[in-house]
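Here is what each chain is made of, one letter per residue.
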Amino acid sequence: MKNKNTIAQPPEKLTGIKLTEVPKTSVGPTAIKSALTHIKNEVGLIKGIGLLSKINQKDGFDCPGCAWPDPDEKRAFLAEYCENGAKAIAEEATKQRVSPIFFATHSIQELGALSDYELGKKGRVTHPMFLKEGATHYEEIKWEQAFELIATSLNKLASPNEAIFYTSGRTSNEAAYLYQLFVRQYGTNNLPDCSNMCHESSGAALSETLGIGKGSVTLDDFNHADLVIVMGQNPGTNHPRMLSALEGTKKNGGKIISINPLKEVGLVNFKDPQNPFTWLGSGINLTDLFLQVKINGDVALLKAILILLKQKENKNPGTVFDHHFIKEKTQGFDAFIDDIDNYNLDELIAQTGVSKTQIEAAAEMIAQNKKIIICWAMGLTQHKNGVDNIREVVNLLLLKGSIGKQGAGTCPVRGHSNVQGDRTMGIWEKPQAAFLDKLEQEFHFNAPKHHGYDVVEAIQAMHDKKAKFFLGMGGNFISATPDTEFTAEALRNCDLTVHISTKINRSHLIHGKQALILPCLGRSEQDFQESGEQFVTVENSMGVVSKSKGHLSPLSEYLKSETAIVAGIATATLKNCSTNWLQLASNYDLIRNAIEKTIPGFDNYNVRVRKPGGFYLPNNARENNFSVTHTGKANFSINQTSDLLLEKDQFLMMTIRTHDQYNTTIYGLDDRYRGILNERRVVLMNPEDMKEFQLQEKDLVTLTSHFKGEKRHAHKFLVISYDIPRKCTATYFPETNVLVPINSKARISNTPASKAVVISIHKE
Ligand SMILES: Nc1nc2c(c(=O)[nH]1)N[C@H]1C(S)=C(S)[C@@H](COP(=O)(O)OP(=O)(O)OC[C@H]3O[C@@H](n4cnc5c(=O)[nH]c(N)nc54)[C@H](O)[C@@H]3O)O[C@H]1N2
Ligand SMILES: Nc1nc2c(c(=O)[nH]1)N[C@H]1C(S)=C(S)[C@@H](COP(=O)(O)OP(=O)(O)OC[C@H]3O[C@@H](n4cnc5c(=O)[nH]c(N)nc54)[C@H](O)[C@@H]3O)O[C@H]1N2
Ligand SMILES: [Mo]
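Residues numbered from 1 in each chain as written. Chains lettered and ligands numbered in written order. Predicted model: local features only at pLDDT ≥ 70, side-chain atom pairs only at ≥ 80, totals over all residues. Heavy atoms only, no water.

A word on the layout of surface pockets
Space inside the largest pocket adds up to approximately 1200 Å³. Lining the largest pocket are 35 residues, and of these I212, G213, K214, W428 and Q432 lie nearest its centre. Looking at the lining of the largest pocket, the elements with two or more residues in it are helix 9 (200-210), helix 21 (419-424) and helix 22 (433-443). (1 Å grid on protein atoms, 1.4 Å probe; cavity = no way out; pocket = protein on both sides within 12 Å on 5 of 7 lines; lining within 4 Å. Points joined across faces, edges and corners; volume = space filled by probe spheres on them. Helix = DSSP H or I, 4+ residues; strand = E, 2+ residues; numbered from the N terminus.)

Structural data, given as structure tokens:
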């Protein structure tokens, strides 16, 4: 194994930090300038503007950025995207090519020494590439040979459960459906996906309490809400178009509470890019009350608020809780409300780091309002008690009857643009029996019934050599997953690792004995199959299914669509099956017909999805019907506060995104909204903590994580003083994934606890 020494972590190179003031306002003209610069540099201005005019339009393509929905009705020309959506497009539609000549002249070792930023900027992969056992360079391979190689590798495994089939969240409904169908016909449910590291805690909590693993609100609900609470989310960077929805709340007289260890700029003040009149002024203040909670202090904070609400309700019965809703629609209220008495208000407040006055102010706002939306993202899900966090959010909404009515409900803000759709299509290691039954009826095979591996279990299985084959449908497994060096060993144990990718990334360099890169079309590109030009469909964060059609010519004639690649692999692998994969892939309407027959909510799919704007999937919580839960009602639950204990020299570390990255794709080196430019290897610390531990601004440190006696190290980070609660620190992923222990994960959902890593900090 000549490439064994290729490093799995991004190289420990500093890039020359510059610090600026944290800006007072987000979006506005600076964002537009930044968007256009990325478009100009990567795509070229004329082609780029043409492309932008098609993003999120009813006849265009779905932005591959985030899963935030588009307005149902009027859409602004050239404006239904954001700075970071434009960057996502620029990355995909880039002029840069990674061709066979590039691979012939760059060894894996050389490529491993590049940073993620440098690697990404090399561009799109143009040809299928193969790495022979022991080779130092990838070389070109024909598609048919690649499919045969995969088939041979799969068919020689002792059991189909020795193969892992990962999915990232950009894959279309059609490709995802065909993929899971192939994997199940092959014989396994080993379908881990990026959701396992993302909103799995939301899915687990919401299914149990409300009977549906998805959020309940629509975009229009934001115009009717009295109060929106945004917890553990940084929309200014990760879902910028959400700021327009929050602006709608404010315009209609609603209030906003933000709960976050960081005062994220986007949540505080906003200049609408679609309304140049706001650019000159000081912007719109979005947040009415900011609670600077300690990392993982959310359950304690919510419990403190619940105690105060209970006191208010006891004082003036019937004024705070919605007793009619509680009686008609819920189960478990008595046990839940009694449990609150087990907590001491002052002790809870101490765990939150927030002042009593502010918590009282939050409780008062919640007491006075009836239509409440709670939004959240990774700040709540990626914790040991991530599922508890979200169940506690649901408790609060249930008490207020704030679900299943206009202007109220749950809003888990999804990440990848089709991550929710992929799950609807059956990309899940724990499929429901009813779904498998339908697949069996429609496709005449015996589907595997036992659950497969999620992401963490898949890594462990490969590490233990219980799994020997890895296929990634998109994504960047080595860089997105926890415990980088452990995961690298796991992948290196495989006989074959295969990646279906648009761009080159680190997962192509940390490989099994043999490796394949299969280049696919991106969202922005035209997709021609035997029956003519195709479109695909996607589901956004609010359950709207709509079509997406690329407009650019494919960057290379050797690219295949993800759907065609799955069909190729399935045809080569499954010799005795009755499904005609190539026919299905020749006309995506046929795949949609199969989806309609096997997944509820897709009646008349091919007709409805052709209507501009698409259609909403059914959503029992939105419809105020909880009969599908295990009790037939919406369930109150009893949840646990954080049990993480820090020693004197230890800190909690959250791993977050900069303004210039899309997960593991690094667009640039700036985190403009936090005033940190040209450097990613930083650790944000409270200035008082720095004083106590004798650390100065820009000191070079090693970070060491501590978990059950195990230690992991990450070197060469610069200390930066920042407005963050004491004992809390922040770093950027993927650089610090090496510190996230594989076994440190959420109860129930198994999501890596990458927002609460116990670390110590040592000067180098
Ligand atoms: N431009 C861009 N857009 C993206 C992405 C991207 O990388 N770049 N990624 C996409 C994906 S896959 C996802 S999942 C989403 C991610 O969207 P976010 O969840 O907004 O992303 P993170 O950077 O992980 O930010 C988490 C936020 O939670 C806060 N936080 C951390 N720990 C806690 C805590 O214990 N309590 C509370 N209350 N807050 C906490 C952090 O300070 C931060 O503001 O964005 C999607 N959109
Ligand atoms: N420490 C830490 N770790 C985290 C997180 C965190 O907050 N902290 N967040 C987690 C979260 S929320 C998520 S969702 C995961 C993300 O995990 P992944 O989804 O695995 O990672 P991405 O970086 O989004 O994947 C980027 C790669 O996808 C490929 N790609 C892009 N577009 C397409 C396409 O259209 N088709 C195909 N086939 N490939 C494409 C490109 O080759 C690109 O290099 O990371 C998780 N990891
Ligand atoms: Mo995500």
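Let's talk about the nonpolar core
F165, F182, F469 and L518 are the most contacted members of the largest nonpolar core, which has 60 residues in total. Of the residues forming this core, the biggest block, eight residues, is contributed by helix 8 (residues 173-186). With near-sequence residues (within four places) excluded, F182 lies in contact with L154, F165, V566, I569, A570, T573, L574 and W581. Membership of the second largest hydrophobic core comes to 57 residues, among which are M231, F325, M365 and F636. (Core = buried A, V, L, I, M, F, W, Y, C linked by side-chain atoms within 4.5 Å. Buried < 20%, exposed > 50% of the residue type's maximum accessible area, 1.4 Å probe, protein only. Contact = heavy atoms within 4.5 Å.)

Some words on unusual backbone geometry
The step from F733 to P734 runs through a cis peptide bond, and the omega angle for that step is 10°. For D483, which is not glycine, the phi torsion reads 50° and is therefore positive. Position of D483 relative to the elements: it lies in the loop between helix 24 (477-480) and helix 25 (484-492).

Brief notes about the domain arrangement of the protein chain
For an interface, size is often stated in terms of accessible area lost upon the parts coming together. Here the protein chain is partitioned into domain 1 (200-412) and domain 2 (651-763). Taking only C-alpha atoms, the centre of domain 1 and the centre of domain 2 are 26 Å apart. Contact with domain 1, which involves 26 residues of that partner, is made by 27 residues of domain 2. Both sides together, the interface formed by domain 1 and domain 2 hides about 2200 Å², and carbon and sulfur atoms give 60% of it. Three residues, L262, I295 and Q382, lead the burial of domain 1 against domain 2; their summed loss comes to 30% of the area buried on that side. Put simply, domain 1 and domain 2 have two salt bridges between them. E264 is paired through a salt bridge with R674; the nearest N and O atoms lie 2.8 Å apart. (Domains from an automatic or database assignment. Buried area = accessible area lost by both parts, 1.4 Å probe. Salt bridge = Lys/Arg side-chain N within 4 Å of Asp/Glu carboxyl O.)

Section: the site of ligand 1
Near ligand 1 lie 31 residues; those nearest to it are N260, E264, D298, Q661 and N663. One of the side-chain N or O atoms of D298 is found 2.7 Å from a nitrogen atom in ligand 1. Surface burial for ligand 1 is 99%, taken as the share of its 920 Å² of free accessible area covered by protein chains. Secondary structure elements with two or more residues in the shell around ligand 1: helix 10 (235-238), helix 19 (378-381), strand 25 (651-656) and strand 26 (661-662). In the shell around ligand 1, the residues fall into twelve nonpolar, 15 polar and four charged. Each of two domains, domain 1 (200-412) and domain 2 (651-763), supplies a minimum of three residues to the shell around ligand 1. (Near = heavy atom within 4 Å. Polar contact = N/O pair within 3.5 Å; in protein donor to acceptor, adjacent residues only side chain to side chain. Areas by Shrake-Rupley, 256 points an atom, 1.4 Å probe, with all protein chains shown as cover. Nonpolar A, V, L, I, M, F, W, Y, C, P; charged D, E, K, R; others polar.)

Concerning helix 20 (residues 386-399)
Look at helix 20: 20 Å from first C-alpha to last across 14 residues, which is about the 20 Å you get at 1.5 Å a residue. The buried fraction of helix 20 amounts to 14 of the 14 residues, a majority that puts the element mostly inside the structure. Looking one or two places after helix 20, you find G401, whose phi comes out positive at around 60°. (Expected span 1.5 Å × (residues − 1).)

Let's talk about the packing of helix 22 against helix 28 (residues 588-598)
Where helix 22 contacts helix 28, the axes come no closer than 9 Å and their chain directions differ by 130°. The angle between the axes of helix 22 and helix 28 places the two elements in the oblique class. Seen along the crossing, helix 22 lies across helix 28 with a hand that is right-handed. Across the interface between the two elements, F435, K438, L439, E442 and F443 of helix 22 pack against A594, K597 and T598 of helix 28. For the contact of helix 22 with helix 28, the residue count by class is four nonpolar, one polar and three charged. (Axes fitted to C-alpha atoms, helices over the stretch in contact; angles between N-to-C directions. Parallel < 35°, antiparallel > 145°, perpendicular 65-115°, else oblique. Left-handed = near helix turned anticlockwise from the far one by under 90°.)

What to know about the sheet that holds strand 21 (residues 536-539)
In space, the three strands of this open sheet follow the order 21-22-23, with antiparallel pairing throughout. Two strands in the sheet have a free side with no partner beyond their single neighbour: strand 21 and strand 23 (615-616). Pairing of strand 22 (residues 544-548) with strand 23, which is carried by two bridges, proceeds in the antiparallel orientation. Across the sheet, the residue bridging to V544 is Y616, located in strand 23. The strands that helix 8 touches are strand 21 and strand 22; relative to strand 21, the one it contacts most, it runs at about 90°. (Pairing = 2+ DSSP bridges.)

Points about the site of ligand 2
Surveying the vicinity of ligand 2 reveals 30 residues, the closest of which are Y166, S168, E562, T664 and N737. One of the side-chain nitrogen or oxygen atoms of T664 is found 2.6 Å away from an oxygen atom of ligand 2. At 2.6 Å from a nitrogen atom of ligand 2 is found a side-chain nitrogen or oxygen belonging to N737. Look at ligand 2: alone it shows 930 Å² of surface, and the protein chains cover 96% of it.

Topic: the pairing of strand 22
By the criterion of burial, strand 22 is predominantly enclosed, with four of the five residues buried. Pairing between strand 21 and strand 22: four bridges, direction antiparallel. From the neighbouring strand, V538 faces strand 22, where its bridge partner is S546. The antiparallel hairpin formed by strand 21 and strand 22 contains four residues in its connecting segment, where G543 sits at a positive phi of about 75°.

Brief notes about the environment of Y453
Tracing the chain through its elements places Y453 in the loop between helix 22 and helix 23 (455-463). Distance in space between the C-alpha atoms of Y453 and E429 is 6.0 Å, their sequence separation being 24 residues. Other than its neighbours up to four places away in sequence, Y453 contacts N161, I164, N189, N190, L191, P192, E429, A458, A461 and K466.

Focus on empty space enclosed by the protein
Enumeration according to the criterion identifies five cavities of 30 Å³ or more in this entry. Here the second largest cavity defines a volume of roughly 100 Å³. Lining the second largest cavity are 13 residues; nearest its centre among them are D62, D70, N540, V544 and S546. At the level of elements, strand 21 and strand 22 are the ones that each hand at least two residues to the lining of the second largest cavity. Residues belonging to the lining of the second largest cavity are distributed by class as follows: five nonpolar, four polar and four charged.

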